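# Observations on chain architecture
Listed here are the chains, written in short residue letters.
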Amino acid sequence: MRRVPILVSLALLAGCSQGSERTYTVEEFVADPELLARTISDCRGNPGELRDTPNCRSAEAADGRLRLQNMRKALGG
């Protein structure tokens with residue numbers, strides 16, 4: 001009988017928790033410039049909460065990779 005209130009409480013907490021956001025890979029961000037720009041903007045707009053999230057880390061890595069690729073192209077390499 002004690003388990004019923006505990007299970008009900010856990011079910012209510014699970015229902016109230018935020019849904020998890022999809023985590024993107026660096027390759028997905030490189031392939032979708034719009035998603036990358038939106039994510040970078042969100043991450044830089046709220047670094048206190050978002051800086052260490054997987055999506056922000058992946059977006060920053062993708063941004064760095066794209067910048068290096070663009071520099072190589074500009075230098076003829």
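The structure under discussion appears in the preceding block.
Residues numbered from 1 in each chain as written. Predicted model: local features only at pLDDT ≥ 70, side-chain atom pairs only at ≥ 80, totals over all residues. Heavy atoms only, no water.

## Re the nonpolar core
Keep this limit in mind: Joining through side-chain atoms within 4.5 Å is the link that ties buried Ala, Val, Leu, Ile, Met, Phe, Trp, Tyr and Cys residues into a set, and such a set is a nonpolar core. Partly exposed describes any residue whose relative accessible area lies between the buried limit of under 20% and the exposed limit of over 50%, with all areas from a 1.4 Å probe on protein chains only and scaled to the type maximum. Think of it this way: any DSSP run of H or I at least four residues long counts as a helix, any run of E at least two long counts as a strand, and we number them from the N terminus.
Within the largest apolar cluster, seven residues are counted, these being Val26, Phe29, Leu35, Leu36, Ile40, Ala59 and Ala62. Taken together, the elements giving at least two residues each to this core come down to helix 2 (26-31), helix 3 (33-45) and helix 5 (54-74). The element best represented in this core is helix 3, accounting for three residues.

## Here we look at the side chain of Thr39
What counts, and what does not: In this analysis, two residues are considered to be in contact whenever any of their non-hydrogen atoms come within 4.5 Å of each other.
Mapping Thr39 onto the fold places it in helix 3. Not counting residues within four places of it along the chain, the set of residues in contact with Thr39 comprises Phe29, Asn55 and Ala59.

## Brief notes about the pattern of salt bridges
Opposite charge on two side chains makes pairing possible when the charged atoms of those side chains draw close. Quick note on the threshold: Here, a salt bridge means any Lys or Arg side-chain nitrogen found within 4 Å of an Asp or Glu carboxyl oxygen.
Enumeration over the complete set of coordinates arrives at six salt bridges. Close ionic contact of Glu34 with Arg38 constitutes a salt bridge, the shortest N to O distance being 3.8 Å. Taken together, the residues span about one helical turn, with Glu34 and Arg38 both in helix 3 at a distance of four residues. Among the salt bridges present, the one from Arg67 reaches Asp63, with a minimum N-O distance of 3.0 Å. Taken together, the residues Arg67 and Asp63, both in helix 5 and four residues apart, mark about one turn of the helix. For Arg67, a relative accessible area of 48% translates into the label partly exposed. The network of salt bridges with common partners includes Arg44, Glu60, Asp63 and Arg67.

## What to know about the packing of helix 3 against helix 5
Which entries qualify depends on this criterion: For helices, the axis comes from a line fit to the C-alpha atoms of the stretch in contact; other axes are also lines fit to C-alpha atoms, and the angle between any two N-to-C directions lies between 0 and 180 degrees. An angle below 35 degrees is read as roughly parallel, one above 145 as roughly antiparallel, one from 65 to 115 as roughly perpendicular, and any other as oblique. Crossing handedness is defined as follows: a turn of the near helix away from the far one that is anticlockwise and smaller than a right angle gives a left-handed crossing, while the clockwise case is right-handed. In the scheme used here, Gly and all other residues not listed as nonpolar or charged are polar, with Ala, Val, Leu, Ile, Met, Phe, Trp, Tyr, Cys and Pro taken as nonpolar and Asp, Glu, Lys and Arg as charged.
Orientation of helix 3 relative to helix 5, taken along the N-to-C sense of each, is 120°, at an axis distance of 9 Å. For the element pair helix 3 / helix 5, the angle class is oblique. You can see that helix 3 and helix 5 cross each other, and the crossing is left-handed. Of the residues in helix 5, those touching helix 3 at Leu36, Thr39, Ile40, Cys43 and Arg44 are Asn55, Cys56, Ala59, Glu60, Ala62, Asp63 and Leu66. Among the residues forming the contact of helix 3 with helix 5, the class breakdown is seven nonpolar, two polar and three charged.

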